[in-house]
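Fold and geometry: a report
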Amino acid sequence: MKRVFSCVVAASLALSLLAGCGASSTASSAASGAVSSEAASSVASSAVETAALPDGVYTADFDTDSSMFHANEACNGKGTLTVENGQMTFHVSLASTHIVNLYLGKASDAADHEADWLQPTTDTVTYSDGTSEEVYGFDIPVSAVDADFDLAILGTKGKWYDHVVSVRNAVQQAGIAAPADGTYTCDVMLEGGSGRATVESPAALTVADGKMTATIVWSSPNYDYMLVDGEKYLPTNTDGNSTFEIPVAALDTALDVTADTVAMSTPHEIEYTLTFDSASLK
């Protein structure tokens, strides 16, 4: 399966501005380690810091001081802010693969703290014209929202550059957050389309690192891809009814998805919603 993590958010918010950017990723290198206390202390303190938000998943703006360093245009300047146990991490998909590392601090300090370099994920973004592209994304530790901090970038030419960025205007996604990491089953309701298609219920639901992934098994073998938050997911099987693994941002909230069927004379995308019932979680 081609599983991607793009930049943003649950379709549960129905934020049409985010339709071109998705919510899952494949790491292109080892996940970034914990940022050292020295690197964390470099966060700019010129602005009054805001306390960490309540645990949950948010959509937020990624503001930078450069037109060359910004969120991908498919994401409309936004990324996903995850708060867990008071710790905030912001995921943003960038414009290309030309920025290969980030460092939470000044460029002059980056070379001496290679262990603290943030490593990229490979994100697939989908633009308004329907084309898709693989770009780099990053998980950035954030000590405060609505406050500027130093973030150095390393380009493909091997030179570090200083930038000042901020994560602002966080809006919490609706619905019930993920349960503890583990494997579950959960009743799922499908709505939309002609009403003839169904999905297996309960569906398998896996939670890893606080992120939920559902296994969706359709009543037909004719679905060749699904779109969730603008990201394309391919079937995980070659025989039997079409099966997909898709991200779920929240329970008890309708998730907008699109499924492409080849059962007709020409392929046809059909819009559906999937709602996962938290009360049925086992």
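Residues numbered from 1 in each chain as written. Predicted model: local features only at pLDDT ≥ 70, side-chain atom pairs only at ≥ 80, totals over all residues. Heavy atoms only, no water.

Quick word on the nonpolar core
The criterion, for reference: Put simply, buried Ala, Val, Leu, Ile, Met, Phe, Trp, Tyr and Cys residues joined by side-chain atoms within 4.5 Å make one nonpolar core. We call a residue buried when its accessible area falls under 20% of the maximum for its residue type, exposed when it is over 50%, and partly exposed in between, using a 1.4 Å probe and counting protein chains only. Strands here are runs of E lasting at least two residues and helices are runs of H or I lasting at least four, both read from the DSSP assignment and numbered beginning at the N terminus. We call two residues in contact whenever any of their non-hydrogen atoms come within 4.5 Å of each other.
One finds Trp218, Ile246, Tyr272, Leu274 and Phe276 to be the most contacted residues of the largest nonpolar core, which totals 28 residues. Of all the elements in the fold, those that place two or more residues in this core are strand S12 (182–186), strand S13 (188–192), strand S14 (203–208), strand S15 (211–217), strand S16 (223–228), strand S18 (243–248), strand S19 (255–261) and strand S20 (268–276). Ranked by the residues each element gives to this core, the list is headed by S20, at four residues. Those residues in contact with Phe276 that sit more than four places away from it in its chain are Cys186, Asp187, Val188, Ala214, Ile216, Val248, Leu251, Asp252 and Leu255. Residues Phe69, Phe90, Leu118 and Val145 belong to the second largest nonpolar core, which totals 26 residues.

A look at the packing of aromatic side chains
Put simply, the rule reads: Side-chain rings of Phe, Tyr and Trp (the six-membered ring for Trp) are treated as a pair once their centres are within 6.5 Å; stacked means planes under 30 degrees apart, edge-to-face means over 60, and tilted covers the remaining angles. Cation placement over rings: the criterion is NZ of Lys or CZ of Arg within 6 Å of the ring centroid and within 35° of the ring normal.
Taken as a whole and judged by the stated rule, the model has six aromatic pairs. A cation sits over an aromatic face here: Lys232 above Tyr225, 4.6 Å from the ring centre.

Quick look at the pattern of salt bridges
For clarity, the threshold we go by: What makes a salt bridge here is a side-chain nitrogen of Lys or Arg within 4 Å of a carboxyl oxygen of Asp or Glu, nothing more.
Throughout the structure, instances matching the rule amount to four salt bridges. Lys78 serves as the salt-bridge partner of Asp61, at 2.7 Å between the closest nitrogen and oxygen. In this pair, Asp61 sits in strand S2 (residues 56–64) while Lys78 sits in strand S3 (residues 78–84), placing the two residues 17 residues apart along the sequence. Looking at Asp61, the relative accessible area reads 16%, which means it is buried. Connected through shared salt-bridge partners, Asp63, Asp148 and Arg168 make up one network.

Some words on the sheet that holds S16
This is how the line gets drawn: Pairs of strands are assigned from DSSP output, requiring at least two bridges between the strands. To obtain an axis, a line is fitted to C-alpha atoms, over the contacting stretch when the element is a helix, and the angle between two such axes runs from 0 to 180 degrees between their N-to-C directions.
Taking strand neighbours across the sheet as the criterion, the five strands line up as S13-S20-S19-S16-S17 in an open arrangement whose pairing is antiparallel. Edge positions in the sheet fall to S13 and strand S17 (231–233), since each has one partner strand and no second. Shown here is a sheet whose adjacent strand axes are inclined to one another by a mean of 30°, direction ignored.

So, the environment of Asp252
On the secondary structure map, Asp252 appears in the loop between S18 and S19. Owing to a relative accessible area of 37%, Asp252 belongs among the partly exposed residues under this scheme. Sequence separation between Asp252 and Val188 is 64 residues, and the spatial gap between their C-alpha atoms is 9.4 Å.

Overview of the sheet that holds S18
Spatially, four strands are ordered S12-S14-S15-S18 in an open sheet, and the strand pairing comes out antiparallel. Each end of this open sheet is capped by a strand with a single partner; those strands are S12 and S18. Recorded for the sheet is a direction-independent mean angle of 25° between the axes of neighbouring strands. Sheet topology places S14 next to S15; five bridges connect them, and they run antiparallel. Bridging across to S15, Val207 finds its partner in Met212.

So, the confidence of the model for the protein
What counts is decided by this rule: Think of pLDDT as the predictor's per-residue confidence, scored from 0 to 100.
Confidence in the prediction of the protein, expressed as mean pLDDT, is 82, and 80% of residues score 70 or more. A low-confidence stretch, residues 1–20 stays under pLDDT 50, and its non-local contacts, those more than four residues away or across chains, total 94 contacts. In the predicted structure, residues 26–50 sits below a pLDDT of 50 and forms 50 contacts with residues beyond four places in sequence or in another chain.

Some thoughts on the side chain of Asn101
Defined as follows: Any N or O atom pair separated by 3.5 Å or less is treated as a polar contact, with the protein-specific requirement of one donor-capable and one acceptor-capable atom, and with residues adjacent in sequence counted only for side-chain atom pairs.
Inspection of the secondary structure assignment puts Asn101 in strand S5 (residues 99–103). Since its relative accessible area comes to 8%, Asn101 is described here as buried. Among the polar contacts listed, one links the side chain of Asn101 to the side chain of Gln119, at a separation of 3.2 Å. For Asn101, the contacting residues outside a window of four places in its chain are Trp117, Leu118, Gln119, Pro120, Phe138, Ala152, Ile153, Leu154 and Trp160.

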